[in-house]
Amino acid sequence: MKRTLALGGVAAGLLATALVSQPASADSDVSSDPLANGTAAYNVAAFWLGNQAENLVAATPYNVETTVVAKHVSTGGPAADSKPGVIPAIGDEKKSTSTSKNVNLPKSTGKVFFTVPDGSDADTKPDARWCSATSIQSTYRNLVATAGHCVYDTVTNKTTLDQWVFVPGYYQGKVPWGLYVGKQAFTHYDFDVYEDGDRDYAFVTVYNGIKYVPRPGEASTPFVPSTNDADWREVSKAVYDNPGIWKNFKKEENGKYFLRKFTDAGRLGDNVGGQGLAYNQKLGKATFVFGYPSGSHPDGNYAYSGKTLKWSYGKTFAASAASRKAEELIGIKSSFTGQGSLGSSWLAGYKNTRRLGYLNGVTSAVSDTDGNNRIDTSVSPYFDGETYGVYSAAKNIWSGSIA
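Residues numbered from 1 in each chain as written. Predicted model: local features only at pLDDT ≥ 70, side-chain atom pairs only at ≥ 80, totals over all residues. Heavy atoms only, no water.

Engineer: Please explain the overall build of the chain as it appears in this structure.
Structural biologist: Each helix and strand in the chain was counted, giving 6 helices and 25 strands. In the chain, which comprises 403 residues, the share counted as buried stands at 55%. For the chain, contacts bridging at least 24 residues in sequence account for 74% of all contacts bridging at least 6. Put simply, the chain shows about 16,500 Å² of open surface, and 50% of that area lies on carbon and sulfur atoms. (Helix = DSSP H or I, 4+ residues; strand = E, 2+ residues; numbered from the N terminus. Buried < 20%, exposed > 50% of the residue type's maximum accessible area, 1.4 Å probe, protein only. Contact = heavy atoms within 4.5 Å. Areas by Shrake-Rupley, 256 points an atom, 1.4 Å probe, with all protein chains shown as cover.)

Structure (structure tokens):
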């Protein structure tokens with residue numbers, strides 16, 4: 001499903017500077033939903049990592065609500081609801097002034113994978129999809145930021161998308177820093193209930209990463225079974241019989257039932273860092289966008305494969321999309337096509353050598369503004385004090401391990 005939207009934008013302003021007082025936010029502005037707990041979280045990991053990660057490899061980019069029809073306007077735009085502020089990135093609490101001519105891609109960016117109800121092929125199984133996302137600063141270094149509709153199911157209104165995981169640095173079935181199962185999702189109440197495009201962002205807590213460490217004599221392909229008894233844990237028959245667990249992740253011996261243990265890869269932020277957060281910023285600031293664009297331009301040209309992390313660069317400007325109930329968006333000139341780039345991180349003040357900056361937006365849609373059948377603009381919700389309120393509700397929640 002895709003929606004056609006009307007869009008407008010105008011450039012203005014500069015990024016506000018120092019960290020200032022943080023705005024208050026009413027609890028009623030925040031919606032929270034559990035994603036996976038206990039054995040369910042294990043089942044999610046098994047779904048993606050079983051059979052040499054075949055479901056990760058087969059996943060396709062999410063293409064819901066990606067393309068907008070755009071025109072520029074000369075007035076209007078988002079307004080700050082309190083003083084501007086920033087939260088420093090993990091490892092960047094102390095300022096750095098070093099520079100570099102090359103664009104060094106952040107380790108914090110990756111793909112979120114999930115399943116959606118079937119509807120695009122002949123079978124009846126859920127379809128595997130992915131968006132872009134990034135690790136962000138939090139107390140327990142376990143938080144991911146992405147577009148709201150890469151977490152909440154705006155098609156069937158089923159609340160959250162299923163089997164949600166984050167894989168930083170993902171490439172063709174490889175999980176270089178581990179796979180992180182989503183635990184709890186936070187979004188603005190107006191997006192969760194009304195699908196308000198001005199609030200199309202989400203923050204998700206994730207469990208510690210999991211990975212496979214081959215033992216002597218084992219193949220190096222991901223997550224194969226182990227012959228070492230220490231790598232298995234006993235479970236009840238009811239857990240063992242769960243059809244969501246890949247068959248080679250479980251075994252029966254002497255009337256007892258076992259599941260293969262995962263190896264704990266540690267906390268997300270400890271492994272790949274986490275970007276800071278900026279809110280209530282002025283427009284016109286030079287910003288990097290990092291994501292995994294895929295799919296074609298309207299003219300059929302496939303500029304991106306979605307396999308590797310890409311970047312674009314520009315200055316933010318005001319935008320709107322009335323048909324999405326979005327009157328206070330920001331835009332940036334970018335050739336990123338919509339499929340795959342949903343959830344891409346917009347980083348202001350990006351420090352190239354440290355690969356850190358301030359998250360100041362997430363791609364919620366793309367646009368062909370001049371009508372030449374080539375995507376030239378990405379749009380994001382404007383991050384304000386209410387965004388900070390949703391982030392604050394998520395940033396202090398502990399997750400733990402499923403290994």
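Engineer: Sorry, what's going on with the side chain of Asp-200 here?
Structural biologist: Among the secondary structure elements, Asp-200 is positioned in the loop between α2 (189-194) and β11 (202-206). The buried category is assigned to Asp-200, whose relative accessible area is 0%. There is a polar contact of 2.8 Å between the side chain of Asp-200 and the backbone nitrogen of Gly-148. Side-chain polar atoms of Asp-200 contact the side chain of His-149, separated by 2.6 Å. Other than its neighbours up to four places away in sequence, Asp-200 contacts Ala-147, Gly-148, His-149, Phe-191, Arg-324, Val-362, Ser-364 and Pro-381. (Polar contact = N/O pair within 3.5 Å; in protein donor to acceptor, adjacent residues only side chain to side chain.)

Engineer: Help me understand unusual backbone geometry in this model?
Structural biologist: Peptide bonds are mostly trans, and most non-glycine residues show a negative phi. Phi at Asn-280 takes a positive value of approximately 55°, unusual for a residue other than glycine. Of note, Asn-280 is situated in the loop between β17 (276-279) and β18 (286-291). The buried category is assigned to Asn-280, whose relative accessible area is 3%. Non-glycine residue Arg-355 carries a positive phi angle of around 60°. For Arg-355, a relative accessible area of 34% translates into the label partly exposed.

Engineer: For this particular structure, what's the right way to read the nonpolar core?
Structural biologist: Among soluble globular proteins, nonpolar side chains are generally buried collectively. Residues Leu-56, Phe-113, Leu-179, Val-181, Phe-203 and Leu-277 are the most contacted members of the largest nonpolar core, which totals 54 residues. A per-element tally of this core places helix α1 (residues 39-58) first, with 9 residues. In terms of nonpolar packing, the next biggest core, distinct from the first, is built from 24 residues, Tyr-180, Phe-191, Val-204 and Leu-268 among them. (Core = buried A, V, L, I, M, F, W, Y, C linked by side-chain atoms within 4.5 Å.)

Engineer: For this particular structure, what's the right way to read helix α6 (residues 385-395)?
Structural biologist: It helps to recall that an α-helix has 3.6 residues per turn; residues three or four apart then point in one direction. Where burial is concerned, most of α6 is hidden: 8 out of the 11 residues are buried. Buried within α6 are the following residues: Gly-385, Thr-387, Tyr-388, Gly-389, Val-390, Tyr-391, Ala-394 and Lys-395. Its side-chain oxygen 3.0 Å from the backbone nitrogen of Glu-386, Asp-384 forms the N-cap of α6.

Engineer: Is there a simple way to explain the confidence of the model for the chain in this structure?
Structural biologist: Summing up the model confidence of the chain, the mean pLDDT is 82 and the portion of residues at 70 or higher is 79%. Taken as a whole, residues 1-21 scores under 50 in pLDDT and shows 78 contacts with residues more than four places along the chain or in a different chain. Considering only residues more than four positions removed or in separate chains, one finds that residues 96-101, a stretch of pLDDT under 50, has 7 contacts. (pLDDT = per-residue confidence, 0-100.)

Engineer: Help me out: how do you make sense of the pairing of strand β2 (residues 30-34) in this one?
Structural biologist: A regular strand carries its side chains on alternate faces of the sheet. Side-chain alternation along β2 places Ser-31 and Asp-33 on a buried face and Val-30, Ser-32 and Pro-34 on a face that remains uncovered. Both β2 and strand β10 (residues 180-188) contribute to a ladder of 5 bridges, which runs antiparallel. Looking across to β10, one finds that Ser-31 is bridged to Thr-187. (Pairing = 2+ DSSP bridges.)

Engineer: Would you take a moment to explain the pairing of strand β15 (residues 256-260) for this structure?
Structural biologist: In terms of residue burial, β15 counts as a mostly covered element, since 4 of its 5 residues are buried. Where strand β13 (residues 232-235) lies against β15, 4 bridges are found, and the strand directions are antiparallel. Bridge pairing in β15 links Val-235 to Tyr-257. In this sheet, β15 lies alongside strand β14 (residues 250-253) in antiparallel orientation, the contact comprising 4 bridges. The residue of β15 that forms the bridge with Glu-252 is Tyr-257. The turn joining β14 and β15, which pair antiparallel and follow one another in sequence, is formed by 2 residues; a positive phi near 55° is taken by Asn-254.

Engineer: Would you take a moment to explain the sheet that holds β15 for this structure?
Structural biologist: Where strands meet in a sheet, backbone hydrogen bonds hold them as pairs that are either parallel or antiparallel. Taken in spatial order, the 3 strands of this open sheet run β13-β15-β14, and their pairing is antiparallel. The open sheet has two free edges, formed respectively by β13 and β14, since each of these has just one partner strand. Averaged over neighbouring strand pairs, the angle between their axes works out to 35° when direction is ignored. (Axes fitted to C-alpha atoms, helices over the stretch in contact; angles between N-to-C directions.)

Engineer: What should I look at first to understand the pattern of salt bridges in this one?
Structural biologist: Two side chains that carry opposite charge are able to pair once their charged atoms sit near each other. Per the counting criterion, the structure on display carries 10 salt bridges. With its nearest N and O atoms 3.4 Å apart, the salt bridge here joins Lys-251 to Glu-253. Judged by relative accessible area, Lys-251 falls into the buried class, the value being 17%. Note that Asp-376 is salt-bridged to Lys-333, the shortest N-O span being 3.9 Å. Of this pair, Asp-376 sits in the loop between β24 (365-368) and β25 (377-381) while Lys-333 sits in strand β21 (residues 326-333); the two residues are 43 residues apart in sequence, bridging distant segments of the chain. Take Lys-333: its relative accessible area is 38%, and that puts it in the partly exposed class. In this structure, a network of salt bridges that share partners links the residues Arg-141, Arg-267 and Asp-270. (Salt bridge = Lys/Arg side-chain N within 4 Å of Asp/Glu carboxyl O.)

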